[in-house]
Amino acid sequence: MQTLPRLVFLGTGLMGDPMARRLLGAGFGVTVWNRTPAKAAALVEAGAWQEFLLSDAVAQGDIVISMLDSGAVVGQVLTAALDALPAGSLWIDMSSTRQDEAQAFHALLAGRACRFLDAPVSGGVGGAQAGTLAIMAGGSEADFERAAPVFAAMGRATLVGPAGSGQVAKLCNQLIVGATLNIVAEALLLAQAAGADPAAVRTAIRGGFAESRILEVHGERMLERDFIPGGQVKTQIKDMHNILSAAASAGVSLPLTSLVTERYDALAEVCPHADHSAALLGLERLNPGQRLGTLPDRLP
């Protein structure tokens, strides 16, 4: 039998914890590390080995996976881990960062005879728990093949181009998600304000051209006013600004994305930790006296 690679998982927060659990369930040996050690402790009961020093953690792995808050944090952790990283290691960054950050991480690791894939994900906490994440990978075909069994435990992976391309794909995903969340909120609020039953309208238009995963999942969240986070407002804001940065670098104007970014920026101080379907709350603030349904808000 082929020996499974030893994995190191850095970052065991909202997404990292269930992703690490999927890897443990698939039979991988997993060492976990988190900047806040208590957040990784629960994974020990699931079979993981916890290290408290970053250098001790990365020294043990064939493949290192990072799932961290931002490109800046990934850069800090990667730089701190570099001297302890064995030559030939493959670092898979599954965080959401900018394309230029991912390319810089690739160059930094290549200089130490290590490999790199940027492989951000979509699917939220539910997808992480179910092992159905969409994984968008940038890097070489050889490194992608090396990572294939790891990716298979967490979802469906697609190689979309060289290093940095995974982040481009994730930004395209988040562009569509962010815009669609706002449009679904507008449709449901309009339905109610114009005298229709918004839940019935959602049911009526599902199955037609307006059907989407956003309408299915987040439309229901909005109707139930359930803003306990899967994906957070603060994360969506970060992604929207990264999209605009990528567009500027590519010389592309994205006028609708600029408007969506403004809408999320308006929520930055109001409910940064709420689910990104809280786009509805921002819309209601623009429409005093209009509120979808009568249920109380569920907020973190």
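These numbers were taken from a predicted model, which means no experiment stands behind them.

Chemist: Can you explain the overall build of the protein chain? Please cite residues and give values.
Modeler: Looking only at helices and strands, the protein chain has 13 helices and nine strands in total. Taking 19 Å as the expected radius of gyration for a compact globule of 300 residues, we find that the protein chain reaches 20 Å, a close match to that expectation. Across its three principal directions, the C-alpha atoms of the protein chain cover 65 × 45 × 35 Å. Residue burial in the protein chain is summarised as follows: out of 300 residues, 48% are buried.

Chemist: Describe the pairing of strand S8 (residues 133-138), with residues and values.
Modeler: With five of its six residues buried, S8 lies for the most part within the structure. Pairing geometry for strand S7 (residues 121-122) and S8, over two bridges, is antiparallel. Bridging across to S8, Val121 finds its partner in Ile135. Both S8 and strand S9 (residues 155-161) contribute to a ladder of six bridges, which runs parallel. Pairing of Leu133 across the sheet is with Gly155, part of S9. Chirality of the crossover, the property in question, places the unit of S8, helix H7 (residues 141-154) and S9 among those that are right-handed.

Chemist: Can you explain the nonpolar core? Please cite residues and give values.
Modeler: If you look at the biggest cluster of nonpolar residues, it comprises 33 residues, and the most contacted ones within it are Phe9, Met19, Leu23, Ile65, Ile92, Met94 and Phe151. Counting residues per element, this core draws most heavily on H7, which supplies six residues. Once you skip the residues sitting within four places of it in the chain, Phe9 turns out to touch Gly16, Met19, Ala20, Leu23, Val30, Thr31, Val32, Trp33, Ile65 and Met67. Listed in part, the 27 residues of the second largest apolar core include Ile243, Val260, Leu267 and Leu281.

Chemist: So what's going on with unusual backbone geometry? Residues and values would help.
Modeler: Here the phi dihedral of Ala113 falls at roughly 60°; this positive angle occurs in a residue that is not glycine. Structurally, the position occupied by Ala113 is in the loop between helix H5 (99-110) and strand S6 (115-118). In this structure, Arg225 is a non-glycine residue whose phi angle is positive, near 55°. Structurally, Arg225 is set in the loop between helix H10 (213-224) and helix H11 (233-250). When its relative accessible area of 1% is taken as the criterion, Arg225 is described as buried.

Chemist: Would you mind going over the environment of Ser249 in detail, with residue names and values included?
Modeler: Mapped onto the fold, Ser249 is located in helix H11. Given a relative accessible area of 69%, Ser249 falls into the exposed group. On a C-alpha basis, the gap between Ser249 and Leu82 in space is 29 Å, while along the polypeptide they are 167 residues apart.

Chemist: So, the packing of aromatic side chains: which residues are in play, and what are the values?
Modeler: What the rule picks out here adds up to two aromatic pairs. Between Phe105 and Phe116, the aromatic rings sit 6.2 Å apart at their centres with planes inclined by 75°, giving edge-to-face as the arrangement. Of the two residues, Phe105 is situated in helix H5 and Phe116 in strand S6; the sequence distance between them amounts to eleven residues. By relative accessible area, Phe105 is classed as buried at 7%. Seen in terms of ring centroids, Phe144 and Phe151 are 5.9 Å apart; in terms of plane orientation they differ by 40°. Their pairing is tilted. Here the two residues Phe144 and Phe151 agree in accessibility, since each one is buried.

Chemist: I'd love a proper account of the pattern of salt bridges, names of residues and values included.
Modeler: Scanning all chains against the criterion turns up 14 salt bridges. A salt bridge links Asp143 to Arg115, with the nearest nitrogen and oxygen atoms 3.0 Å apart. Here the residue Asp143 occupies a position in helix H7, and Arg115 occupies one in strand S6, the gap between them amounting to 28 residues. Asp143 sits in the buried class, given a relative accessible area of 7%. What makes Arg115 partly exposed here is its relative accessible area of 37%. Close ionic contact of Arg221 with Asp226 constitutes a salt bridge, the shortest N to O distance being 3.9 Å. Residues participating in the shared-partner salt-bridge network are Arg221, Asp226, Asp275 and Arg298.

Chemist: Any chance you could break down helix H1 (residues 16-25) for me, citing the residues and the numbers?
Modeler: The buried count for H1 comes to seven of ten residues, which makes it a mostly enclosed element. For H1, the complete set of buried residues consists of Gly16, Asp17, Pro18, Met19, Ala20, Leu23 and Leu24. Looking at the residues trailing H1, positive phi occurs at Gly27, about 100°.

What counts and what doesn't
Residues numbered from 1 in each chain as written. Predicted model: local features only at pLDDT ≥ 70, side-chain atom pairs only at ≥ 80, totals over all residues. Heavy atoms only, no water. Helix = DSSP H or I, 4+ residues; strand = E, 2+ residues; numbered from the N terminus. Rg over C-alpha atoms; globule rule 2.2 N^0.38 Å. Buried < 20%, exposed > 50% of the residue type's maximum accessible area, 1.4 Å probe, protein only. Pairing = 2+ DSSP bridges. Right-handed = clockwise from strand over helix to strand, strands pointing away. Core = buried A, V, L, I, M, F, W, Y, C linked by side-chain atoms within 4.5 Å. Contact = heavy atoms within 4.5 Å. Phe/Tyr/Trp six-rings, centres within 6.5 Å; stacked < 30°, edge-to-face > 60°. Salt bridge = Lys/Arg side-chain N within 4 Å of Asp/Glu carboxyl O.

Keep in mind that these numbers describe shape and distance, not what the molecule does.
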